[in-house]
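Per-entry structural report
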Amino acid sequence: MTTASLTQKTWPSSDVVSDLAEVRKHAPLTHVLTNIVVTNWTANVLLAAGASPAMVIAEEEVSDFAAIAGGVLINVGTINSFDAKSIKAAAIAAQKAGTPWVLDPVAVGALRYRTEIAKDLLQHKPTVIRGNASEILALAGAVGGGKGVDSTAASSDALPLAKELAISTGAVIAISGEVDYITDGKETVAVPGGHILMTKVTGVGCSLGALIASFLGVQKDALRASVSASAVFAIAGSRAAERSSGTGSFAVAFLDELSTISA
Amino acid sequence: MTTASLTQKTWPSSDVVSDLAEVRKHAPLTHVLTNIVVTNWTANVLLAAGASPAMVIAEEEVSDFAAIAGGVLINVGTINSFDAKSIKAAAIAAQKAGTPWVLDPVAVGALRYRTEIAKDLLQHKPTVIRGNASEILALAGAVGGGKGVDSTAASSDALPLAKELAISTGAVIAISGEVDYITDGKETVAVPGGHILMTKVTGVGCSLGALIASFLGVQKDALRASVSASAVFAIAGSRAAERSSGTGSFAVAFLDELSTISA
Amino acid sequence: MTTASLTQKTWPSSDVVSDLAEVRKHAPLTHVLTNIVVTNWTANVLLAAGASPAMVIAEEEVSDFAAIAGGVLINVGTINSFDAKSIKAAAIAAQKAGTPWVLDPVAVGALRYRTEIAKDLLQHKPTVIRGNASEILALAGAVGGGKGVDSTAASSDALPLAKELAISTGAVIAISGEVDYITDGKETVAVPGGHILMTKVTGVGCSLGALIASFLGVQKDALRASVSASAVFAIAGSRAAERSSGTGSFAVAFLDELSTISA
């Protein structure tokens, strides 16, 4: 594995290697509540990385399942009033059981309904919040400028408010962009090396949120787990881009790289 | 770009080139309400072509979003009573805001419930209606002969009734088939060049409806926008077929071609 | 087509060839009610094999559609209280109309809500029940040990209870694993030849359940239909594995092989 160079702080690549090996060894059960666009892709990403994804969405089942899972992802990308009940129940159960969970506030800021839902979920103490700069800014209470699900701000622009959000919520904040920034409000790690093609395949960012939840199943240091998952993504993305001839073959190569990155 | 030869009328390929360039330049926000089978594929098709897809489905959000989008797609493929409310709200909002929108009447004619829904949606003035021959015939009031989602009629068979449907609804009608026919009731354009493999990957037709919505975001002439999107699809499809060894690699190659067609 | 060697009983490969040819000739309409993770993949698998998939999920539509379909799949993978009504209605309609149907009890045993639903569905006489060993054991009333959707038991371990389940329900039981076992309680057929990569792409097992429903549309002997579909899968899987460089390219190659297996 190549070294993921980190500008703000030098992160040992041996930690990434070790965390990935733990994921492959333990195949952490990852409870994924995500949007209907990316369910299939997310499951394939987690399987490729060695985790064990399960999309359980019934209000009757999510509490039990969030309690036994290694990590939970809650993504509000296509939320509606029916699924909102399950998402709320899963967040409550994860908090109660001490299961680490990741919040992905897709398009928060651009749409009021989901913004209220995402802000309400903060009281259940997400372990990690992953989003693009616009989403993080919106969640931090800034006047949002997001256009749909694509960020209109650079990831570094969101860093000051992201640090404040980390302090006020207790969550690690992972801002996705050309460079990913991950902060707990005190320490900040930059993970460069992503590729523009990663924004041309739907759900790459969403599946990173899910993979962070998988890594949290084996690595309790949330900052480290988030960095390791992001580094694995950056490496797979840059390798895949080298042998792609468009967005279709990039997506295929990305899964191939994820499934064959050696520890 | 090769010339898309058009039998009924000669359509300048320079228009196709110009419209695609506009999509890539402006990345029109496309509000997609589609069936659960094709969400991922549709998002990837739109991203490959250069548009900005967003699947927003909550009844609480669709009206606001349809108003700010460049184009809206409504596809009834897996409609149920819950999503029907969102779809109705989106159609009303699009009409009110003047956002162009596309209706895809999947399997209308074969199933009564969705046939009623699709006919009801006509009062909200879709800009374009895209379907196969059976669906268009059914929507035009003919006694349908569709088997599920596959057409049992040739696209040319539906042309006379499609013209009447165009006149009575004010919509451009795009009939998909071996040759696509696109008509506003007065002018009719034929777009040949599709490939049989396009019917062996789920959602190709559905994603064309979405791409027409994207093109409507940059090209207000609905006949032209529909022809341009269809021509781009035909070109990508025939190129992809040349280098495929089955349906799996065709789908990948189709996205690759879409993402690399040069303007 | 290579011979699918069968340990318990020698199954003539000419039957597999003949059944696949019938699927390609008649393109049986297959009514698929499945989980939101695998809808797209399942549709592409069925199209590649030559069947005609249709995902119709509205409670208002499922009864009519199950009655006219050649086969129905009911998969409870992401069931919730809304879809449970449609699934129940589809099972009732299939039974009443004499349409063969397949039950896929995903994660039954691990979660109580869906376990109750699956057991209730048994009264509507599924033609085939397809699952992994843990799921079949749970459905057979054993104390389940499933972890999410992945089996923690070997397929052969489930065989004795599977035979009892077959006798008590009248269904053919298809247990997926390294070797697939298919039994009607009297005869048991083993289909070897699958590949570990088939467990690293989401929905491969789920789509086998759907393909069995397609085969039931042309082959009324449920044991034979299940064996033929499983053999086609095993062949496509082992061929695809030979030319894959990871899980992404395996999925693509699997569809390619399915779509080009010659009869």
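Residues numbered from 1 in each chain as written. Chains lettered and ligands numbered in written order. Predicted model: local features only at pLDDT ≥ 70, side-chain atom pairs only at ≥ 80, totals over all residues. Heavy atoms only, no water.

An unreviewed UniProt entry lists chain A under the name Hydroxyethylthiazole kinase, from Leptospira neocaledonica. As its UniProt record puts it under Catalytic activity (unreviewed entry), chain A is described as follows: "5-(2-hydroxyethyl)-4-methylthiazole + ATP = 4-methyl-5-(2-phosphooxyethyl)-thiazole + ADP + H(+)". Its UniProt record, at the heading Sequence similarities (unreviewed entry), says of chain A: "Belongs to the Thz kinase family." (UniProt positions renumbered as here; feature names shortened; annotations may be inferred.)

**Quick look at the relation of the copies chain C and chain B**
Mapping chain C onto chain B calls for a screw motion: a turn of 120° about the axis and a shift of 0.0 Å along it, with 0.0 Å RMSD after fitting. In short, the pair behaves as if placed about a three-fold rotation axis. Relative to the rotation axis, the C-alpha of C:Ile36 is the closest in chain C, positioned 4.0 Å from it. Of all interface residues in chain C, a mere 12% are interface residues in chain B too; the two copies therefore contact each other through different surfaces. (Least-squares fit on C-alpha atoms with pLDDT ≥ 70 in both. Contact = heavy atoms within 4.5 Å.)

**Some remarks on empty space enclosed by the protein**
For the structure shown, the criterion picks out 6 cavities of 30 Å³ or more. Estimated volume of the largest cavity: approximately 710 Å³. A:Ile36, B:Ile36, B:Asp83, C:Ile36 and C:Asp83 are, among the 44 residues lining the largest cavity, the residues nearest its centre. Of all the secondary-structure elements, those providing two or more residues to the lining of the largest cavity are helix 4 (81–97) of chain A, strand 1 (29–33) and helix 4 (81–97) of chain B together with helix 4 (81–97) of chain C. Looking at side-chain class alone, the lining of the largest cavity contains 22 nonpolar, 19 polar and 3 charged residues. Taken together, 30 residues make up the lining of the second largest cavity; nearest its centre are A:Asn40, A:Val252, B:Asn40, C:Asn40 and C:Val252. (1 Å grid on protein atoms, 1.4 Å probe; cavity = no way out; pocket = protein on both sides within 12 Å on 5 of 7 lines; lining within 4 Å. Points joined across faces, edges and corners; volume = space filled by probe spheres on them. Helix = DSSP H or I, 4+ residues; strand = E, 2+ residues; numbered from the N terminus. Nonpolar A, V, L, I, M, F, W, Y, C, P; charged D, E, K, R; others polar.)

**So, the interface of chain C and chain A**
The interface is formed by 27 residues belonging to chain C together with 25 residues belonging to chain A. Summing both sides of the interface, chain C and chain A together bury roughly 2200 Å²; the carbon and sulfur share of this comes to 61%. Broken down residue by residue, the surface that chain C buries against chain A is led by C:Ile36, C:Val37 and C:Leu111, which jointly contribute 22%. Inspection of the region where chain C meets chain A yields 1 salt bridge. Between A:Glu61 and C:Arg114 there is a salt bridge whose closest N-O contact spans 2.7 Å. The set of elements that each furnish at least two residues to the side of chain C that touches chain A consists of helix 4, helix 5 (112–121) and helix 10 (247–260) of chain C. A total of 4 residues in the side of chain C that touches chain A trace back to one element, the largest contributor, which is helix 10 of chain C. (Buried area = accessible area lost by both parts, 1.4 Å probe. Salt bridge = Lys/Arg side-chain N within 4 Å of Asp/Glu carboxyl O.)

**Describing the interface of chain C and chain B**
The partner chain B presents 27 residues to the 25 residues of chain C that form the contact. Here chain C and chain B share an interface that buries about 2200 Å² over both sides, 60% of which is from carbon and sulfur atoms. Together, C:Leu47, C:Glu61 and C:Phe82 form the three largest contributors to the area buried by chain C at its contact with chain B, with a combined 23%. Linking chain C to chain B there are 1 salt bridge. Those elements that place two or more of their residues in the side of chain C that touches chain B are helix 2 (39–49), strand 2 (52–54), helix 3 (59–68) and helix 10 of chain C. At 6 residues, helix 2 of chain C tops the list of elements feeding residues into the side of chain C that touches chain B. Within the side of chain C that touches chain B, the residues separate by chemical class into 15 nonpolar, 7 polar and 3 charged.

**Some words on the nonpolar core**
With 124 residues, the main nonpolar core has A:Ile74, B:Ile74 and C:Ile74 as its most contacted residues. If we skip the residues at most four places from it in the chain, A:Ile74 touches A:Leu33, A:Ile87, A:Ala90, A:Ala91, A:Trp101, A:Val102, A:Leu103, A:Asp104 and A:Leu121. (Core = buried A, V, L, I, M, F, W, Y, C linked by side-chain atoms within 4.5 Å. Buried < 20%, exposed > 50% of the residue type's maximum accessible area, 1.4 Å probe, protein only.)

**Here's the deal with the relation of the copies chain C and chain A**
When chain C is fitted to chain A, the residual RMSD is 0.0 Å, and the transformation amounts to a turn of 120° plus an axial shift of 0.0 Å. Of the residues that chain C buries at the interface, just 11% are likewise interface residues in chain A, meaning the two copies contact each other through different surfaces.

**Considerations on the packing of helix 8 (residues 204–216) of chain C against helix 9 (residues 222–242) of chain C**
Residue and element names in this part refer to chain C. Packing of helix 8 against helix 9 brings their axes to within 9 Å, and their N-to-C directions diverge by 135°. Compared by their axis directions, helix 8 and helix 9 come out oblique. In terms of crossing hand, the pair formed by helix 8 and helix 9 is right-handed. Counted together, Val204, Ser207, Leu208, Leu211, Ile212, Phe215 and Leu216 of helix 8 and Ala222, Ala225, Ser226, Ser228, Ala229, Ser230, Val232 and Phe233 of helix 9 form the full contact between these two elements. (Axes fitted to C-alpha atoms, helices over the stretch in contact; angles between N-to-C directions. Parallel < 35°, antiparallel > 145°, perpendicular 65-115°, else oblique. Left-handed = near helix turned anticlockwise from the far one by under 90°.)

**What to know about the packing of helix 2 (residues 39–49) of chain B against helix 10 (residues 247–260) of chain B**
Residues and elements named next belong to chain B. For the pair helix 2 and helix 10, interaxial distance at closest approach is 7 Å and the crossing angle is 30°. Looking at the two axes, helix 2 sits roughly parallel to helix 10. The interaxial crossing formed by helix 2 with helix 10 has right-handed handedness. Residue-level contacts link Trp41, Asn44, Val45, Ala48 and Ala49 of helix 2 to Ala251, Phe254, Leu255, Leu258 and Ser259 of helix 10. Class assignment for the residues of the contact of helix 2 with helix 10 results in 8 nonpolar, 2 polar and no charged.

**Some words on the packing of aromatic side chains**
Considering all chains together, one arrives at 12 aromatic pairs over all chains under this definition. A ring pair is formed by A:Phe82 and C:Phe82, whose centres lie 6.2 Å apart and whose planes are at 70°; its orientation type is edge-to-face. Of this pair, A:Phe82 sits in helix 4 while C:Phe82 sits in helix 4, which puts the two residues in different chains. Judged by its relative accessible area of 22%, A:Phe82 falls in the partly exposed class. A centroid spacing of 5.9 Å and a plane angle of 20° characterise the contact between C:Trp41 and C:Phe254, whose relative ring orientation is stacked. Taken together, the residues C:Trp41 in helix 2 and C:Phe254 in helix 10 connect sequence positions 213 residues apart. In terms of burial, C:Trp41 and C:Phe254 fall into one category: buried. An aromatic cluster of at least three residues, connected via ring pairs, comprises A:Trp41, A:Phe233, A:Phe250 and A:Phe254. (Phe/Tyr/Trp six-rings, centres within 6.5 Å; stacked < 30°, edge-to-face > 60°.)

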